[in-house]
Amino acid sequence: MKNRFLAMKIMFRNITFFFLLAIALQACKKDDDNQPVEDPRAENKQPLGASAEDILSNSTYQKLTVELVYSEFYKPTQQTINHFKDFINGLVNKSQGVVFVETVVEEQPNDPFTIEEIKEIEDRVRTQYTEGNNIAIYVFFSNGSSQNDTQTRVTLGTAYRNTSMVIYERTIKVVTNEDSVTLPLLETTTVEHEFGHILGLTNIQNDDIHESHEDLENLKHCKVEGCLMYYDATNVTKSSVRNFVQGRNSVPVFDPLCLEDLDEKRGL
Ligand SMILES: [Zn+2]
Ligand SMILES: [Zn+2]
């Protein structure tokens, strides 16, 4: 009887010991889980406008890589690619230059896309990330439209992170009927407008350093009519898009106020 009691006591003690050991190990494990895991993509997951200075100036990054991701049928026109290259080269100050990378992917399933799905696509298909002295920007030419689109209103493009934007290429093709003049015009306008948002226009980070020129009726856009940042590419009526492309023969440019904002960020 006494021996049995002793044996049980030892057993309980052992159980208690293992129980405590288990808690201790669990605690260790928890501590490990709390260690910040370094995300190599963290630099590219900042809010919109956060990298405007890094993209424009030569101080932190001396090189810029622009990755264009598309599926075969939704490749932007060569005119747009060429115009976008000249546009970027005219804006940024990079002593080691600007490199364009084109990545062809499969058409992405489950369109139309929410912005969360657009972010998931980026996680799957983006290959260029900011590293060392090279800052990378990602442009996805989508094979599907935005889920916000209605019978009459469309979204042509959205800049949604510091170095990420989506161009709803399929929508642009539909709205322009793939016309050889208006398709590249609308594509180029949309890509360059969204790039303007990535560069912090207009007043994206509430740091407008010049005479305020944010359009109070269309926030984060410029109030100067005709400026590249005056137009909106989000939730616009199809008829206004058609009027826009039919009424002009060149891509809009930044007005002097937006250019002054960029000069300030470039450190000139
Ligand atoms: Zn816009
Ligand atoms: Zn402007």
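You'll find the structure just up there.
Figured I'd write up the structure that's included with this text. (Residues numbered from 1 in each chain as written. Chains lettered and ligands numbered in written order. Predicted model: local features only at pLDDT ≥ 70, side-chain atom pairs only at ≥ 80, totals over all residues.)

So, about the pairing of strand 3 (residues 134-141). Burial analysis of strand 3 places 7 of its 8 residues in the buried class, which makes it a mostly covered element. Of the pairings in the sheet, the one linking strand 1 (residues 63-71) to strand 3 comprises 8 bridges and is parallel in character. Paired with E67 across the two strands is Y138, which belongs to strand 3. The pairing of strand 3 with strand 6 (residues 164-167) spans 4 bridges and is parallel. Within strand 6, the position partnered with F140 by the bridge is V166. (Buried ≥ 20, exposed ≤ 12 C-beta atoms within 10 Å, placed from the backbone. Helix = DSSP H or I, 4+ residues; strand = E, 2+ residues; numbered from the N terminus. Pairing = 2+ DSSP bridges.)

At a minimum axis separation of 10 Å, helix 6 (residues 182-198) and helix 7 (residues 238-246) run at an interaxial angle of 110 degrees. Between helix 6 and helix 7, the angle is such that the two are roughly perpendicular. Contacts from T182, L185 and L186 of helix 6 reach helix 7 at V241, V245 and Q246. (Axes fitted to C-alpha atoms, helices over the stretch in contact; angles between N-to-C directions. Parallel < 35°, antiparallel > 145°, perpendicular 65-115°, else oblique. Contact = placed C-beta atoms within 7 Å.)

For helix 6, built from 17 residues, the straight-helix expectation of 24 Å at 1.5 Å per residue is met to within 8% by its first-to-last C-alpha distance of 24 Å. Burial of helix 6 is extensive: 17 of the 17 residues sit out of reach of the surface. A positive backbone phi angle near 95 degrees is found at G200, which sits one or two residues after helix 6. (Expected span 1.5 Å × (residues − 1).)

Quick look at unusual backbone geometry now. Each neighbour pair has its own omega, and for D111 with P112 the value is 0 degrees, a cis peptide bond. By secondary structure assignment, the location of P112 is in the loop between strand 2 (98-105) and helix 4 (115-125). Cis geometry marks the peptide bond from L201 to T202, where omega comes out at -10 degrees. With respect to the helices and strands, T202 occurs in the loop between helix 6 and strand 7 (236-237). The phi dihedral of N110 is positive, around 70 degrees, even though this residue is not glycine. Structurally, N110 can be placed in the loop between strand 2 and helix 4. On the basis of neighbour counts, which here come to 11 C-beta atoms within 10 Å, the residue N110 falls in the exposed class. With a phi angle near 55 degrees, E178 is a residue other than glycine that sits in the positive phi range. Relative to the assigned elements, E178 resides in the loop between helix 5 (169-176) and helix 6. The class for E178 is exposed, based on 11 C-beta atoms found within 10 Å.

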